[in-house]
Amino acid sequence: MTRRYDKLVRDDIPKRIERNGDVPIVRTASDDEEYEEYLHEKLREEVEEYEESQNPEELADILEVIRSIREFEGLSERELRGLRDRKAEKRGRFAERVILERVES
């Protein structure tokens, strides 16, 4: 039986598949453009999984994908945190749970 995935997976997943007695067919992203595309798709996948399950482990997966995107973009953790903090200072956070229903003119 063949199961098709065509998705970015964590580095150790092929070894785990082999330990289960199956044969993983893998390849490395051919270039930066393809890798970036798969990273963004992985982020969408992990967000969907969190929305469906509300499992905190999915939040950890989201953070791992964000870490990979950050590294791909050449940003340090400190730089990204700084961007987040500056935006929060300028536009606020989500702590007050404000819901914008509409804007009337």
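So, how was this worked out
- Residues numbered from 1 in each chain as written.
- Predicted model: local features only at pLDDT ≥ 70, side-chain atom pairs only at ≥ 80, totals over all residues.
- Heavy atoms only, no water.
- Axes fitted to C-alpha atoms, helices over the stretch in contact; angles between N-to-C directions.
- Helix = DSSP H or I, 4+ residues; strand = E, 2+ residues; numbered from the N terminus.
- Parallel < 35°, antiparallel > 145°, perpendicular 65-115°, else oblique.
- Left-handed = near helix turned anticlockwise from the far one by under 90°.
- Contact = heavy atoms within 4.5 Å.
- Nonpolar A, V, L, I, M, F, W, Y, C, P; charged D, E, K, R; others polar.
- Buried < 20%, exposed > 50% of the residue type's maximum accessible area, 1.4 Å probe, protein only.
- Polar contact = N/O pair within 3.5 Å; in protein donor to acceptor, adjacent residues only side chain to side chain.
- Salt bridge = Lys/Arg side-chain N within 4 Å of Asp/Glu carboxyl O.

A word on the packing of helix α2 (residues 32-53) against helix α3 (residues 56-72)
Two elements in contact, α2 and α3, have axes separated by 9 Å at closest approach and are oriented at 160°. Taken together, the axes of α2 and α3 lie roughly antiparallel to each other. Here α2 and α3 pass one another in a crossing that is left-handed. Seen from α2, the contacting residues are D32, Y35, E36, L39, K42, L43, E46, V47, E49, Y50 and S53; seen from α3, they are E58, L59, D61, I62, V65, I66, S68, I69 and F72. Each residue belonging to the contact of α2 with α3 can be placed in one class, and the counts come to eleven nonpolar, two polar and seven charged.

Some points on the side chain of D61
Note on placement: D61 falls in helix α3. Judged by its relative accessible area of 19%, D61 falls in the buried class. For D61, the side chain forms a polar contact with the side chain of R10, separated by 2.8 Å.

Quick notes on the pattern of salt bridges
Throughout the structure, instances matching the rule amount to 15 salt bridges. Between R3 and D22 there is a salt bridge, with its nearest N and O atoms 3.4 Å apart. One end of the pair, R3, is in the segment before α1 (13-19); the other, D22, is in the loop between α1 and α2, and 19 residues separate them in sequence. Using a relative accessible area of 35% as the deciding quantity, one classes D22 as partly exposed. For E64, the salt bridge identified is with R67, shortest N-O distance 2.5 Å. Of the two residues, E64 and R67 are both situated in helix α3; the distance of three residues between them amounts to about one turn of the helix. E64 sits in the partly exposed class, given a relative accessible area of 28%. We classify R67 as partly exposed; its relative accessible area is 29%. Within this structure, K7, K42, E45 and E46 form a network of salt bridges that share partners.

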